[in-house]
Amino acid sequence: MEIDYFLLALAFILMHEMDAIRCREWRILPGLSLLPDRSGMIVFQILHIPLFYLILAEALAGNEVFIRGLNIFLIIHLFLHIGFLWHSKNEFKDWVSWSIIIGAAVFATLDLLFP
């Protein structure tokens, strides 16, 4: 059985979005951070429904351009989190969160290098 690096990257980013609820990521995102905490959480969760649908639909359709773009985004996403380390409301501080974030970028990179 061959390892599918994209599916691993996808699993890591979906897990990251679950972790983002625990870490209250909406509190550091431009726009959502302006909302009251509960409203920000609700909007954050609701916005992920069409986002997950789009990602899963394009991945299942085998859309190579989309997959390549998502891989590139996952690498950029790691650097965005590094950039937000300074934010006072950033709760992505433990090894679990960072293992997930880095894992998504690592497997995205491997998928780009070894499609």
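Provided above is the structure to which this section pertains.
Predicted, not measured: the structure shown is a model, and the values here were computed from it. (Residues numbered from 1 in each chain as written. Predicted model: local features only at pLDDT ≥ 70, side-chain atom pairs only at ≥ 80, totals over all residues. Heavy atoms only, no water.)

Draft legend 1. Examining the nonpolar core more closely. Listed in full, the twelve residues of the largest apolar core are Phe6, Ala9, Leu10, Ile13, Ile55, Ala59, Ile67, Leu70, Leu74, Ala104, Phe107 and Ala108. At the level of secondary structure, the elements contributing two or more residues to this core comprise α1 (5-22), α2 (37-60), α3 (64-83) and α4 (95-113). Formed by eleven residues, the second largest nonpolar core is a distinct cluster that contains Ile28, Phe92, Ile101 and Ala105. (Core = buried A, V, L, I, M, F, W, Y, C linked by side-chain atoms within 4.5 Å. Buried < 20%, exposed > 50% of the residue type's maximum accessible area, 1.4 Å probe, protein only. Helix = DSSP H or I, 4+ residues; strand = E, 2+ residues; numbered from the N terminus.)

Draft legend 2. View of the pattern of salt bridges. Applying the stated criterion across every chain yields a total of four salt bridges. Put simply, Arg24 and Glu91 hold a salt bridge, and the shortest N to O gap is 2.6 Å. Within this pair, whereas Arg24 is found in the loop between α1 and α2, its partner Glu91 is found in the loop between α3 and α4, the two being separated by 67 residues in sequence. Overall, the relative accessible area of 30% leaves Arg24 in the partly exposed class. Arg27 is the partner of Glu91 in a salt bridge, and the nearest nitrogen-oxygen pair spans 3.3 Å. In this pair, Glu91 sits in the loop between α3 and α4 while Arg27 sits in the loop between α1 and α2, placing the two residues 64 residues apart along the sequence. Within the structure, one salt-bridge network assembled from shared partners comprises Asp19, Arg22 and Asp94. (Salt bridge = Lys/Arg side-chain N within 4 Å of Asp/Glu carboxyl O.)

Draft legend 3. Quick look at the environment of Phe12. By secondary structure assignment, the location of Phe12 is in helix α1. Judged by relative accessible area, which is 25%, Phe12 ranks as partly exposed. For the pair formed by Phe12 and Leu80, sequence separation is 68 residues and the distance between their alpha carbons is 16 Å. Those residues in contact with Phe12, other than ones at most four positions away along the chain, are Ser99, Ile100, Gly103, Ala104 and Phe107. (Contact = heavy atoms within 4.5 Å.)

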